[in-house]
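Understanding the architecture of this molecule
These are the residues of each chain, in order.
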Amino acid sequence: QVRLVESGGGSVQTGGSLRLSCAASGIVFGTSTMAWSRQTPGKQREFVARISNLDTTTFATYAVSVKGRFTISRDNTKNMMYLQMNSLKPEDTAVYYCHVWGRDAWGQGTQVTVSS
(Lines give C-alpha, C1' and ligand atoms only; values in the text may rest on other atoms or scores of the structure.)
Protein backbone atom coordinates (compact mmCIF):
# COMPACT_ATOMS: atom_id res chain seq x y z
CA GLN A 1 0.00 0.00 0.00
CA VAL A 2 1.40 3.37 -1.06
CA ARG A 3 1.63 5.90 1.73
CA LEU A 4 2.57 9.55 1.24
CA VAL A 5 2.66 12.05 4.09
CA GLU A 6 3.18 15.77 3.45
CA SER A 7 4.35 18.28 6.04
CA GLY A 8 5.93 21.71 6.32
CA GLY A 9 3.07 23.93 5.25
CA GLY A 10 2.18 27.12 7.06
CA SER A 11 1.32 30.79 6.75
CA VAL A 12 3.84 33.34 5.50
CA GLN A 13 3.90 36.83 4.06
CA THR A 14 4.60 37.65 0.43
CA GLY A 15 8.27 37.03 -0.28
CA GLY A 16 8.64 34.46 2.46
CA SER A 17 9.83 30.88 2.22
CA LEU A 18 8.63 27.42 3.17
CA ARG A 19 10.09 23.95 2.80
CA LEU A 20 7.64 21.10 2.26
CA SER A 21 8.49 17.47 2.94
CA CYS A 22 6.98 14.22 1.70
CA ALA A 23 7.62 10.89 3.40
CA ALA A 24 6.99 7.95 1.09
CA SER A 25 6.54 4.23 1.69
CA GLY A 26 5.08 1.28 -0.18
CA ILE A 27 6.92 2.13 -3.40
CA VAL A 28 10.36 1.58 -4.90
CA PHE A 29 11.22 5.18 -4.15
CA GLY A 30 14.65 5.31 -5.77
CA THR A 31 13.28 4.53 -9.24
CA SER A 32 9.93 6.31 -8.95
CA THR A 33 9.22 9.65 -10.56
CA MET A 34 7.71 11.85 -7.88
CA ALA A 35 5.80 15.10 -8.09
CA TRP A 36 4.15 17.96 -6.23
CA SER A 37 0.76 19.36 -7.20
CA ARG A 38 -1.47 21.94 -5.54
CA GLN A 39 -5.14 22.78 -5.30
CA THR A 40 -7.09 25.89 -4.32
CA PRO A 41 -10.62 25.34 -2.99
CA GLY A 42 -13.06 25.41 -5.90
CA LYS A 43 -10.36 24.81 -8.50
CA GLN A 44 -8.79 21.73 -10.03
CA ARG A 45 -5.48 20.39 -8.90
CA GLU A 46 -2.52 21.76 -10.87
CA PHE A 47 0.96 20.48 -11.47
CA VAL A 48 3.80 22.20 -9.62
CA ALA A 49 6.96 20.14 -10.07
CA ARG A 50 8.22 16.62 -10.67
CA ILE A 51 11.53 14.87 -10.24
CA SER A 52 13.05 11.70 -11.68
CA ASN A 53 16.05 9.87 -10.29
CA LEU A 54 17.20 7.12 -12.67
CA ASP A 55 20.75 6.04 -13.47
CA THR A 56 22.00 8.29 -10.64
CA THR A 57 20.86 11.36 -12.59
CA THR A 58 18.16 13.71 -11.34
CA PHE A 59 15.76 15.41 -13.75
CA ALA A 60 13.41 18.13 -12.58
CA THR A 61 10.51 19.87 -14.31
CA TYR A 62 8.57 22.88 -13.04
CA ALA A 63 5.37 24.69 -13.84
CA VAL A 64 6.01 28.06 -15.43
CA SER A 65 4.31 29.79 -12.52
CA VAL A 66 6.90 28.54 -10.01
CA LYS A 67 10.02 28.16 -12.13
CA GLY A 68 12.95 30.02 -10.63
CA ARG A 69 11.30 30.21 -7.20
CA PHE A 70 10.68 26.58 -6.23
CA THR A 71 13.20 23.75 -6.06
CA ILE A 72 12.23 20.08 -5.91
CA SER A 73 14.65 17.55 -4.45
CA ARG A 74 14.77 14.08 -2.94
CA ASP A 75 16.80 11.92 -0.59
CA ASN A 76 16.55 8.29 -1.66
CA THR A 77 18.31 7.06 1.48
CA LYS A 78 15.39 8.39 3.51
CA ASN A 79 12.53 7.95 1.01
CA MET A 80 11.90 11.68 1.28
CA MET A 81 11.00 14.36 -1.24
CA TYR A 82 11.12 18.10 -0.68
CA LEU A 83 9.88 21.33 -2.18
CA GLN A 84 11.78 24.48 -1.28
CA MET A 85 9.53 27.45 -1.96
CA ASN A 86 11.07 30.92 -2.06
CA SER A 87 9.71 34.34 -2.99
CA LEU A 88 6.21 33.15 -2.24
CA LYS A 89 3.25 35.00 -3.70
CA PRO A 90 -0.44 35.07 -2.70
CA GLU A 91 -1.10 33.07 -5.88
CA ASP A 92 0.85 30.20 -4.32
CA THR A 93 -1.80 29.78 -1.63
CA ALA A 94 -3.12 26.23 -1.92
CA VAL A 95 -3.06 22.75 -0.46
CA TYR A 96 0.09 21.04 -1.68
CA TYR A 97 0.06 17.32 -2.44
CA CYS A 98 2.82 14.79 -2.86
CA HIS A 99 2.24 12.00 -5.38
CA VAL A 100 3.78 9.33 -7.55
CA TRP A 101 3.83 10.44 -11.17
CA GLY A 102 1.44 8.43 -13.30
CA ARG A 103 -0.28 6.72 -10.38
CA ASP A 104 -3.36 7.50 -8.32
CA ALA A 105 -1.45 7.73 -5.07
CA TRP A 106 -1.69 10.96 -3.09
CA GLY A 107 -0.99 12.23 0.37
CA GLN A 108 -3.42 14.16 2.56
CA GLY A 109 -1.92 17.50 1.58
CA THR A 110 -0.39 20.37 3.52
CA GLN A 111 -1.79 23.90 3.55
CA VAL A 112 0.31 26.82 2.32
CA THR A 113 -1.09 30.32 2.85
CA VAL A 114 0.65 33.45 1.57
CA SER A 115 -0.69 36.81 2.69
CA SER A 116 -0.51 40.00 0.63
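My aim in this report is to walk through the structure given alongside it, one point at a time. No experiment lies behind these values; they were computed from the predicted model shown.

Observations concerning the overall build of the protein chain
- Per the secondary structure count, the protein chain includes zero helices and 10 strands.
- The secondary structure elements of the protein chain, listed N-terminal to C-terminal, are β-β-β-β-β-β-β-β-β-β.
- The C-alpha atoms of the protein chain give 13 Å as radius of gyration, which agrees with the globular expectation for 116 residues (13 Å, within 12%).
- For the protein chain, with 116 residues in total, the buried portion stands at 41%.
- When contacts within the protein chain are restricted to residue pairs at least 6 apart in sequence, those whose partners lie at least 24 apart make up 53%.
- Carbon and sulfur atoms make up 48% of the accessible area of the protein chain, which totals about 6200 Å².

Some remarks on the state of the cysteines
- By the definition in use, this model includes one disulfide.
- The partner cysteine of C22 in its disulfide is C98, sulfur to sulfur 1.9 Å. In this structure, the disulfide formed by C22 and C98 twists by about -60° around the S-S bond and is classed as left-handed. Of the two residues, C22 is situated in strand β3 (residues 18-25) and C98 in strand β9 (residues 94-100); the sequence distance between them amounts to 76 residues.

Considerations on the pattern of salt bridges
- On inspection of all chains with the given rule, the structure shows three salt bridges.
- The salt bridge partner of R38 is E46, with a shortest N-O separation of 2.8 Å.
- Across the pair R69 and D92 runs a salt bridge, and its minimum N-O distance is 2.7 Å. You can see R69 sitting in the loop between β6 (57-62) and β7 (70-75) and its partner D92 sitting in the loop between β8 (80-85) and β9, a full 23 residues away along the chain.
- Looking at R69, the relative accessible area reads 11%, which means it is buried.
- Overall, the relative accessible area of 1% leaves D92 in the buried class.

Concerning the sheet that holds β3
- With antiparallel pairing, the four strands of this open sheet are ordered in space as β1-β3-β8-β7. Edge positions in the open sheet fall to β1 (3-7) and β7, since each of these has one partner strand only. Taking each pair of neighbouring strands and ignoring which way they run, the sheet shows an average axis angle of 15°.
- Sheet analysis places β1 next to β3, joined by five bridges and oriented antiparallel. Looking across to β3, one finds that L4 is bridged to A24.

Details of the side chain of T110
- Considering the arrangement of structural elements, one finds T110 in strand β10 (residues 110-115).
- Among the residues examined, T110 registers a relative accessible area of 9% and is labelled buried.
- Separated by 3.1 Å, the side chain of T110 and the backbone nitrogen of G9 make a polar contact.
- Excluding its chain neighbours within four sequence positions, the residues that come into contact with T110 are E6, S7, G8, G9, L20, A94, V95 and Y96.

Parameters at a glance
Residues numbered from 1 in each chain as written. Predicted model: local features only at pLDDT ≥ 70, side-chain atom pairs only at ≥ 80, totals over all residues. Heavy atoms only, no water. Helix = DSSP H or I, 4+ residues; strand = E, 2+ residues; numbered from the N terminus. Rg over C-alpha atoms; globule rule 2.2 N^0.38 Å. Buried < 20%, exposed > 50% of the residue type's maximum accessible area, 1.4 Å probe, protein only. Contact = heavy atoms within 4.5 Å. Areas by Shrake-Rupley, 256 points an atom, 1.4 Å probe, with all protein chains shown as cover. Disulfide = S-S within 2.5 Å. Salt bridge = Lys/Arg side-chain N within 4 Å of Asp/Glu carboxyl O. Pairing = 2+ DSSP bridges. Axes fitted to C-alpha atoms, helices over the stretch in contact; angles between N-to-C directions. Polar contact = N/O pair within 3.5 Å; in protein donor to acceptor, adjacent residues only side chain to side chain.

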